[in-house]
Amino acid sequence: LVIYFWYQLSGLLATPSLIVESPADDIITSEEIVNITGKTGRDSHILINKQSVEVGADGSFKSDFHLETGINTVEIRAVNRFGKETVLIRRVIKN
């Protein structure tokens, strides 16, 4: 019972995991589109620049992001079922 209570409490207090595999921060590219890929917790959902992205059963996600010339800021946000958030920012420079 104590272990179950601790598990529930830690889930309530903890922010979701978020790993962005691609793109790396501050990359320079001439491509029109960059692929955003990563992983989060199974019970989390992902927003990329406030747009919802599908999360697989294993927590993986993938999305294409259209670039404009210059500096593009990409905000990747993981939100768990308790409303806790983890945010990572990537800057992609399109020349």
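Before reading on, note that the structure itself is shown above.
Presented here is an overview of the structure given in this document. (Residues numbered from 1 in each chain as written. Predicted model: local features only at pLDDT ≥ 70, side-chain atom pairs only at ≥ 80, totals over all residues. Heavy atoms only, no water.)

## Quick notes on the pairing of strand 4 (residues 45-48)
Quick reminder of the rule: For every residue, the accessible area (1.4 Å probe, protein chains only) is compared with the maximum for its type, and the residue is labelled buried under 20%, exposed over 50%, or partly exposed between those bounds. Secondary structure counts use DSSP, requiring at least four H or I residues in a row for a helix and at least two E residues in a row for a strand, with both numbered from the N terminus. When DSSP finds two or more bridges between a pair of strands, those strands are recorded as paired.
Covered by surrounding structure in strand 4 are Ile46 and Ile48 only, the residues His45 and Leu47 on the alternate face being uncovered. Relative to strand 5 (residues 51-53), strand 4 runs antiparallel, the two sharing 3 bridges. Pairing of Ile48 across the sheet is with Gln51, part of strand 5.

## Considering the pattern of salt bridges
How we decide: In the sections that follow, a salt bridge refers to a side-chain nitrogen of Lys or Arg positioned within 4 Å of a carboxyl oxygen of Asp or Glu.
Tallied over the entire structure, the rule returns 6 salt bridges. Among the ionic pairs, Arg91 bridges to Asp25, the shortest N-O distance being 3.2 Å. With Arg91 in strand 8 (residues 85-94) and Asp25 in the loop between strand 1 (18-22) and strand 2 (27-29), this pair connects stretches of sequence that are 66 residues apart. Residue classification places Asp25 among the partly exposed positions, given a relative accessible area of 32%. When the shortest N-O distance is used, the salt bridge between Glu32 and Lys94 registers 3.3 Å. Of the two residues, Glu32 sits in the loop between strand 2 and strand 3 (33-40) while Lys94 sits in strand 8, which places them 62 residues apart along the sequence. Sharing partners across several salt bridges, the network here consists of Asp25, Asp26 and Arg91.

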